[in-house]
Amino acid sequence: MSTRPRILVARAVFPETLHKLEQHFEVDSNQADTVLGPQELTERLKDKVGAFTTGSERIDAGVLAACPQLKVCANMAVGFNNFDVPAMTARKVLATNTPDVLTETTADFGFALLMATARRIAESEHYLRAGQWTKWSFDMFAGSEVHGSTLGILGMGRIGQGIARRGAHGFGMNVIYHNRSRLAPELEAACKARYVGKDELLASADHLVLVLPYSAASHHAIGAAELARMKPTATLVNIARGGIVDDAALAAALREKRIAAAGLDVYEGEPKVHPDLLTVPNVVLTPHIASATVPTRRAMADLAADNLIGFLVHGKPLTPLNPE
Ligand code: DGY
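Just so we're clear, the structure is a prediction, and the values are computed from it rather than from any experiment. (Residues numbered from 1 in each chain as written. Predicted model: local features only at pLDDT ≥ 70, side-chain atom pairs only at ≥ 80, totals over all residues.)

Draft legend 1. View of helix 11 (residues 247–255). The complete set of buried residues in helix 11 reads D247, A249, L250, A251, A253 and L254. Where helix 11 is buried, its residues contact helix 10 (224–229), strand 11 (261–264), helix 12 (275–278) and strand 12 (283–285). (Buried ≥ 20, exposed ≤ 12 C-beta atoms within 10 Å, placed from the backbone. Helix = DSSP H or I, 4+ residues; strand = E, 2+ residues; numbered from the N terminus. Contact = placed C-beta atoms within 7 Å.)

Here's what the structure looks like:
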C-alpha cells in the first residue's frame, strides 16, 4: 500500500495539475466535477491530509470535526469565504489561496463588464440577434460615458487598484475609492485615486465597481438604502462576491430605473440567480468568470497545487492564510 499522503482534488482540474499532484500524493480526484455537498465532501475527505478546493466547497467546523487527519486546504481562488478560517486555525488546518496570479486578469474583466454595462453591449446584441434591428436611430441603446467619468471603487485591494489604474490612465477617469483603510500615498498616486467616505462614493460615482471581500461585515453592503444614494444615471458592477449586493433590492432598483444599469459576475446563492434579475433588461449577467483566461486558470491551479506540495512535502506553503 502506498505511503504517500492522501489528498482530495475536489473538482475537475487541468490534467497537468493532476499529474503534478500525482507525483507526490495518492490522489482521489472528483473528475466528475460535481459540486460536493457537506456529506459527500466529508465522506471523501475523512481519510485525507490535504484538499485541493475551489470556492464551491465549504470547509466549516462540521467538515473539520469529521476529518481529523486533515492538515491543509488549498483553495484555487483568491477569495476564501468558503473557508471558516478561525475554525481551521483552531484545528490547526492550514488554509491557502491564490493571490496575485489573477489580479490583472480579474481587473481586465471588471473593466470589460463596466464597459459592457455602460455601453449596453449585451442588451443591444440580444436585440440584434432577435431580429429586432430594422433601422438606425438617434438614441438607440444610448448608454453612459466611460472616459472622463467618475469611477468609484469599493474595496481597494490588488484588483481594485488594477481597475483604478485602468480607469485613470486608460480612460482619463476621475477615480475615487472607499476601503477599510486608506492606501499609502504612493499607491494612491499610482492609481490617481482619491479616498472618500462611503456616502460620497455612492453619491458621486458614475460607475461603481465592487471588489471587496465577502464577510459578515460586507453582507448586503449594497442594499436598497445604498442604491437610493446612487445617481439615477449610475452603473454598478460586482466582480467580488454574491451576498455583498442585495440582489432583490438591485433588481427592483434596475426595474424602476433608480440606477441605470448593472453588470454582475457573482450572485447570492450562485449558481442560482435571483429570478428578478433575469427579467430586467438593464443588467449584464456573467457566470463568475472574472479570472477565467486559460493562462490565469493554469496559474491558479499551479499555485494551489504548489501550496499542497510546499506544505505537505517541503513544510513550507507559498501563500498561507493562517500560518502558524
Ligand atoms: C476568486 O479567485 O476568488 C475567483 O472569484 C474565482 O473563484
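After presenting the structure, the write-up continues.
Draft legend 2. Main features of the sheet that holds strand 11. The strand order 8-7-6-9-10-11-12 describes an open sheet built from seven strands, whose pairing is parallel. Among the strands making up the open sheet, the edge pair consists of strand 8 (193–195) and strand 12. Going from strand to strand, the sheet's axes swing by 20° on average, the running direction of each strand aside. With three bridges joining them, strand 11 and strand 12 adopt parallel strand pairing. Bridge assignment links G263 to a residue of strand 12, and that residue is V284. Its contacts with the sheet place helix 7 (residues 158–171) against strand 6 (150–154), strand 7 (174–178), strand 8 and strand 9 (207–210), and it is angled at close to 160° to strand 7. (Pairing = 2+ DSSP bridges. Axes fitted to C-alpha atoms, helices over the stretch in contact; angles between N-to-C directions.)

Draft legend 3. Examining the nonpolar core more closely. In terms of nonpolar packing, the biggest core is built from 55 residues, with I153, V175, L210 and V211 touching the most fellow members. Per-element accounting of this core gives the leading share, seven residues, to helix 5 (residues 103–118). With sequence-adjacent residues up to four places away left out, I153 is seen in contact with G160, I163, A164, V175, Y177, V209 and V211. Counting residues in hydrophobic clusters, the runner-up holds 41 residues, among them F25, V49, C73 and L312. (Core = buried A, V, L, I, M, F, W, Y, C linked by C-beta atoms within 7 Å.)

Draft legend 4. Just the UniProt feature "domain: D-isomer specific 2-hydroxyacid dehydrogenase catalytic" (unreviewed entry) in the protein, in detail. Within the UniProt annotation, "domain: D-isomer specific 2-hydroxyacid dehydrogenase catalytic" (unreviewed entry) is assigned to residues 7–322. Here residues 7–322 is 38% helix and 15% strand, with 20 Å between the C-alpha atoms at its ends. (UniProt positions renumbered as here; feature names shortened; annotations may be inferred.)

Draft legend 5. The arrangement of the domain arrangement of the protein in detail. One can read the domain layout of the protein as domain 1 (6–101 + 294–312) and domain 2 (103–285). Counting residues at the interface gives four residues for domain 1, matched by seven residues for domain 2. Partitioning the side of domain 1 that touches domain 2 into residue classes produces no nonpolar, three polar and one charged. (Domains from an automatic or database assignment. Nonpolar A, V, L, I, M, F, W, Y, C, P; charged D, E, K, R; others polar.)

Draft legend 6. Structural context of the UniProt feature "domain: D-isomer specific 2-hydroxyacid dehydrogenase NAD-binding" (unreviewed entry) in the protein. Residues annotated by UniProt as "domain: D-isomer specific 2-hydroxyacid dehydrogenase NAD-binding" (unreviewed entry) correspond here to residues 111–290. With 36% helix and 16% strand, residues 111–290 has its two end C-alpha atoms placed 10 Å apart.

Draft legend 7. Fine view of the sheet that holds strand 1 (residues 6–9). The parallel open sheet is built from five strands, whose spatial order is 2-1-3-4-5. Here the strands that pair on one side only, and so sit at the sheet edges, are strand 2 (26–29) and strand 5 (94–96). The average angle at which neighbouring strand axes cross in this sheet is 15°, direction not considered. Of the pairings in the sheet, the one linking strand 4 (residues 72–75) to strand 5 comprises three bridges and is parallel in character. Residue pairing across strands places C73 opposite A95, the latter belonging to strand 5. Sheet strands touched by helix 1 (residues 15–22): strand 1 and strand 2. Its angle to strand 2, the strand with the most contacts, is close to 145°.

Draft legend 8. Geometry of the packing of helix 1 against helix 13 (residues 294–312). Between helix 1 and helix 13, the least distance of the axes is 10 Å, while the angle of their chain directions is 10°. The angle between helix 1 and helix 13 falls in the class roughly parallel. In contact with T17, K20 and L21 of helix 1, helix 13 contributes A301, D302, A305 and L308. Grouping the constituent residues of the contact of helix 1 with helix 13 by class yields four nonpolar, one polar and two charged. (Parallel < 35°, antiparallel > 145°, perpendicular 65-115°, else oblique.)

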